[in-house]
Amino acid sequence: MAGHSKWSKIKRKKAVDDQKRGQMFTKLIRELTVAAREGGGDPDFNPRLRLAVDTAKAGNMPQENIDRAIRRGTGELEGVTYEEIVYEGYGPGGVALYIETLTDNQKRTVAEVRHILDKNGGKLGTAGSVAWQFDRRGIITVGGTDVDEDAVFEAAVEAGADDVGSGDGEFVVTTEAADLHEVRQALVAADLPVASAELAMVAKNEIAVGGREGERLLRLLHLLDDHDDVQQVHSNADLDEAVLARVR
């Protein structure tokens, strides 16, 4: 969990940049479209879409953009058809990588993901080669220096959260995947500053990575995350603080 939390915090900092925010919007629009296509356009009856809408709003995406993406998903507007594909592989230090993509061209995406891995100390694996090392979980981050730990714990646990951890100036609430929205709503209702909420593949066991291998891995994670077709990159790495300090 420590590794996942560190990587999530890095991505939130990247999104502050205008260019990265535009890229984030592109990925969110794809997720909104696919979620609406798979489960319908009403967030009240489509948990995946509800999470996508919440995330888009938290990122200050205009409502008209959200509505347009949903209408493309339901077929009310024409749009590109995206396919969900997961790639599994390894990074420097033998770190397991679980890469979720939404693409309109599978051949292009697999070639480009393989190229990024090959050029940066990684390699593409076969389906199922690393998935067994992860569990699908809900992860909610609560930030802020004045946040009361007891308030976070009480609101989260009463709503059904599994765990509440703290570190690096924020709290990380872990839930079952199906409970993510309810716990997030409880935290918001308690006036707690929710910084992010996501469904993530959380490693069952993490590998400590530092030094040169840590730097290479961090570069690889950034390159994968910057690819337009890549929605989420998950790893079982716990990156050394000395490596992370160089990007802060």
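I will try to describe carefully the structure that is included in this document. All figures in this text were calculated on a predicted structure; none of them were measured in a lab.

1. Looking at the sheet that holds strand E9 (residues 230-235)
Thinking step 1. One open sheet accounts for four strands, arranged E3-E1-E2-E9; its pairing is antiparallel. Each edge of the open sheet carries a strand with a single partner, namely strand E3 (123-124) and E9.
Thinking step 2. As paired elements, strand E1 (residues 83-91) and E3 share two bridges and run antiparallel to each other. By the bridge assignment, glycine 89 is partnered in E3 with leucine 124.
Thinking step 3. Contacting E1, strand E2 (95-103), E3 and E9, helix H5 (residues 106-119) crosses the sheet at an angle of about 15 degrees to E1.

2. Observations regarding unusual backbone geometry
Thinking step 1. Look at asparagine 60: it is not a glycine, yet its phi comes out positive at around 65 degrees.
Thinking step 2. Looking at the element boundaries, asparagine 60 is found in the loop between helix H3 (47-58) and helix H4 (63-74).
Thinking step 3. Given a relative accessible area of 58%, asparagine 60 falls into the exposed group.
Thinking step 4. If you check the backbone angles, aspartate 191 has positive phi at about 60 degrees while not being a glycine.
Thinking step 5. Position of aspartate 191 relative to the elements: it lies in the loop between helix H7 (180-189) and strand E7 (194-203).
Thinking step 6. Classification of aspartate 191 as exposed rests on a relative accessible area of 70%.

3. Section: the packing of aromatic side chains
Thinking step 1. The full count for this structure, using the stated rule, is one aromatic pair.
Thinking step 2. Relative to phenylalanine 134, the ring of tyrosine 98 has its centre 6.1 Å away and its plane inclined at 45 degrees; by these criteria the two rings are tilted. Here phenylalanine 134 lies in strand E4 (residues 134-143) and tyrosine 98 lies in strand E2, a separation of 36 residues in the sequence. The two residues tyrosine 98 and phenylalanine 134 agree in class, both being buried.

4. What to know about the nonpolar core
Thinking step 1. Formed by 21 residues in total, the largest nonpolar core has its most connected members in Leu97, Ile99, Val113, Leu217 and Leu224.
Thinking step 2. Elements supplying a minimum of two residues to this core: E1, E2, H5, helix H8 (211-226), E9, strand E10 (237-239) and helix H9 (241-245).
Thinking step 3. Val147, Ala155, Ala156 and Ala161 belong to the second largest nonpolar core, which has 17 residues in total.

5. Observations concerning the pairing of E2
Thinking step 1. Within E2, nine of the nine residues are buried, which leaves it mostly tucked inside the rest of the structure.
Thinking step 2. By the alternation rule, side chains of E2 split into Val95, Leu97, Ile99, Thr101 and Thr103 and Ala96, Tyr98, Glu100 and Leu102, which are all buried.
Thinking step 3. Alignment of E2 against E9, held across five bridges, turns out to be antiparallel. Its bridge partner lying in E9, leucine 97 is registered against serine 235.

6. Some remarks on the pattern of salt bridges
Thinking step 1. Tallying each qualifying case throughout the model produces twelve salt bridges.
Thinking step 2. Note that glutamate 100 is salt-bridged to arginine 136, the shortest N-O span being 2.8 Å. In this pair, glutamate 100 sits in strand E2 while arginine 136 sits in strand E4, placing the two residues 36 residues apart along the sequence.
Thinking step 3. Since its relative accessible area comes to 15%, glutamate 100 is described here as buried.
Thinking step 4. Through salt bridges that share partners, Arg30, Asp104, Arg108 and Asp229 make up one connected network.

Criteria and cut-off values
Residues numbered from 1 in each chain as written. Predicted model: local features only at pLDDT ≥ 70, side-chain atom pairs only at ≥ 80, totals over all residues. Heavy atoms only, no water. Pairing = 2+ DSSP bridges. Helix = DSSP H or I, 4+ residues; strand = E, 2+ residues; numbered from the N terminus. Contact = heavy atoms within 4.5 Å. Axes fitted to C-alpha atoms, helices over the stretch in contact; angles between N-to-C directions. Buried < 20%, exposed > 50% of the residue type's maximum accessible area, 1.4 Å probe, protein only. Phe/Tyr/Trp six-rings, centres within 6.5 Å; stacked < 30°, edge-to-face > 60°. Core = buried A, V, L, I, M, F, W, Y, C linked by side-chain atoms within 4.5 Å. Salt bridge = Lys/Arg side-chain N within 4 Å of Asp/Glu carboxyl O.

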